[in-house]
Amino acid sequence: MNQETEEFYGRLKQELENTTESWPSEYLYKFIVPALEENVKYIDEVFDGLGAVITTNQSKTGKYTSISVNVVMPNADAIIEKYQAVSSIEGIVSL
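Since the model is a prediction, treat every value here as computed from it, not as a measurement.

Asks: Please explain helix 3 (residues 76-86) as it appears in this structure.
Replies: Residues spaced three or four apart along an α-helix point in a common direction, a consequence of the helix completing one turn every 3.6 residues. For helix 3, the complete set of buried residues consists of Ala76, Ala78, Ile79, Ile80, Lys82, Tyr83 and Val86. For helix 3, the elements touching its buried residues are helix 1 (3-19), strand 1 (25-34), helix 2 (37-46), strand 3 (64-73) and strand 4 (93-94).

Asks: Sorry, what's going on with unusual backbone geometry here?
Replies: Most peptide bonds adopt trans geometry, and most residues besides glycine take a negative phi value. Of the consecutive residues Trp23 and Pro24, the connecting peptide bond is found in the cis state with omega at -5°. With respect to the element layout, Pro24 can be found in the loop between helix 1 and strand 1.

Asks: How should I be thinking about the packing of aromatic side chains in this particular structure?
Replies: How two aromatic rings sit relative to each other is given by the distance of their centres and the angle of their planes. All told, the structure shown has seven aromatic pairs when counted by the stated rule. Taken together, a centroid distance of 4.8 Å and an interplanar angle of 75° make the contact between Tyr27 and Tyr29 edge-to-face. Taken together, Tyr27, Tyr29, Phe31, Phe47 and Tyr83 form an aromatic cluster joined through their ring pairs. Positioned above the aromatic ring of Phe47, the side-chain terminus of Lys82 is 5.9 Å from the ring centre.

Asks: Any chance you could explain the nonpolar core here in plain terms?
Replies: Where a protein is soluble and globular, its nonpolar side chains tend to be buried together. Formed by 22 residues in total, the largest nonpolar core has its most connected members in Tyr29, Phe31, Ile43, Phe47, Val69, Tyr83 and Val86. Where this core is concerned, the elements lending two or more residues are helix 1, strand 1, helix 2, strand 3 and helix 3. The greatest single-element share of this core, amounting to six residues, is contributed by helix 3. Filtering out sequence-adjacent residues up to four positions away, Tyr29 remains in contact with Phe47, Ile67, Ser68, Val69, Val71, Met73, Ala78, Ile79, Lys82 and Tyr83.

Cut-offs used in this document
Residues numbered from 1 in each chain as written. Predicted model: local features only at pLDDT ≥ 70, side-chain atom pairs only at ≥ 80, totals over all residues. Heavy atoms only, no water. Buried < 20%, exposed > 50% of the residue type's maximum accessible area, 1.4 Å probe, protein only. Helix = DSSP H or I, 4+ residues; strand = E, 2+ residues; numbered from the N terminus. Contact = heavy atoms within 4.5 Å. Phe/Tyr/Trp six-rings, centres within 6.5 Å; stacked < 30°, edge-to-face > 60°. Lys NZ or Arg CZ within 6 Å of the ring centre and 35° of its normal. Core = buried A, V, L, I, M, F, W, Y, C linked by side-chain atoms within 4.5 Å.

Structure (structure tokens):
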């Protein structure tokens, strides 16, 4: 992981800890990925077993899929671990 990425995740962790009143806490992930079935399947696998509610929507052109994942996470580190896990998807945008 490069320094810029480490700094980003450090700021995200601080923000999560400052804005979350108590853990575990509900968290909403939002991603945009190229519209390939394996991308959606991989995100499903990353959140499997956590009781996540996952919704998907195709873009008008059909080139992209937006994915929302609503899930209860135990702490800020667990939230960041999931971002890092899905970051391997080529072309993913995390919102």
